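Remarks on the overall topology
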Amino acid sequence: MAKQSGKQRITVSIYGQQYTVVGEEPPAHVKEVAHIVDHKMREIRKRNPYLDTTRLAVLTAVNIVDDYMKLLKENERLNEKVNQERTTGDE
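Residues numbered from 1 in each chain as written. Predicted model: local features only at pLDDT ≥ 70, side-chain atom pairs only at ≥ 80, totals over all residues. Heavy atoms only, no water.

**Here we look at the pattern of salt bridges**
One pass over the structure, following the stated rule, counts seven salt bridges. Here Asp-67 makes a salt bridge to Lys-40, at a shortest N to O gap of 3.5 Å. Placement of Asp-67 in helix H2 (residues 53-88) and of Lys-40 in helix H1 (residues 27-47) is noted, with a sequence separation of 27 residues between them. Residue classification places Asp-67 among the partly exposed positions, given a relative accessible area of 34%. The class for Lys-40 is buried, based on a relative accessible area of 15%. Across the pair Asp-52 and Arg-55 runs a salt bridge, and its minimum N-O distance is 3.7 Å. By relative accessible area, Asp-52 is classed as partly exposed at 38%. Judged by relative accessible area, which is 55%, Arg-55 ranks as exposed. Through salt bridges with shared partners, one network takes in Lys-40, Glu-43, Arg-47 and Asp-67. (Salt bridge = Lys/Arg side-chain N within 4 Å of Asp/Glu carboxyl O. Helix = DSSP H or I, 4+ residues; strand = E, 2+ residues; numbered from the N terminus. Buried < 20%, exposed > 50% of the residue type's maximum accessible area, 1.4 Å probe, protein only.)

**Comments concerning H2**
For H2, spanning 36 residues, the distance from its first C-alpha to its last is 52 Å, which sits close to the expected 52 Å at 1.5 Å a residue. One or two steps after H2, the chain reaches Gly-89, where phi turns positive at roughly 85°. (Expected span 1.5 Å × (residues − 1).)

**Details of H1**
Here H1 spans 31 Å end to end across 21 residues, near enough to the 30 Å set by a 1.5 Å rise per residue. For H1, the complete set of buried residues consists of Val-30, Ala-34, Asp-38, Lys-40, Met-41 and Ile-44. Down the axis, H1 shows its buried residues gathered within 160° of arc, on one side only. The outward face of H1, more than 90 degrees from its buried face, is lined by the exposed residues Ala-28, His-35, Lys-46 and Arg-47. The inward-facing, buried residues of H1 contact strand S1 (8-14), strand S2 (17-23) and H2. (Arc of directions from axis to C-beta. Contact = heavy atoms within 4.5 Å.)

**Section: a nonpolar patch on the surface**
A cluster of nonpolar residues, Val-65, Tyr-68, Met-69 and Leu-72, forms a patch on the protein surface that exposes about 390 Å² of accessible area. Position of Met-69 among the secondary structure elements: in helix H2. (Patch = residues over 30% accessible without salt bridge, like charges linked within 9 Å, V, L, I, M, F, W, Y side chains within 5 Å. Areas by Shrake-Rupley, 256 points an atom, 1.4 Å probe, with all protein chains shown as cover.)

**Things to note about the nonpolar core**
Ile-10, Val-12, Ile-14, Tyr-15, Val-30, Ala-34, Met-41, Ile-44, Leu-51 and Leu-56 together form the largest nonpolar core, which totals ten residues. Listing elements by their share of this core, those giving two or more residues are S1 and H1. Considering each element in turn, this core owes the most residues, four residues, to H1. With near-sequence residues (within four places) excluded, Val-12 lies in contact with Gln-17, Gln-18, Tyr-19, Val-21, Val-30, Lys-31 and Ala-34. (Core = buried A, V, L, I, M, F, W, Y, C linked by side-chain atoms within 4.5 Å.)

As structure tokens, then:
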């Protein structure tokens, strides 16, 4: 991720609440992250309509970290495959 110099403030909406995010990432990136979190919260809410907002947020975080960990493992597996192919000369 290319970072712009200097911190920026951007307001995003997640699950009907406004949040001001301060950081160095481009506004488009922050908006995309907020959109993904909002979408995931709404997806989980459809399956669990009686969750309070705090539990919904925690379950959303757990689901997102689960996805992240799966991607890390897949990335590690692919890196190992590439390194193995480099050492054996396979392509």
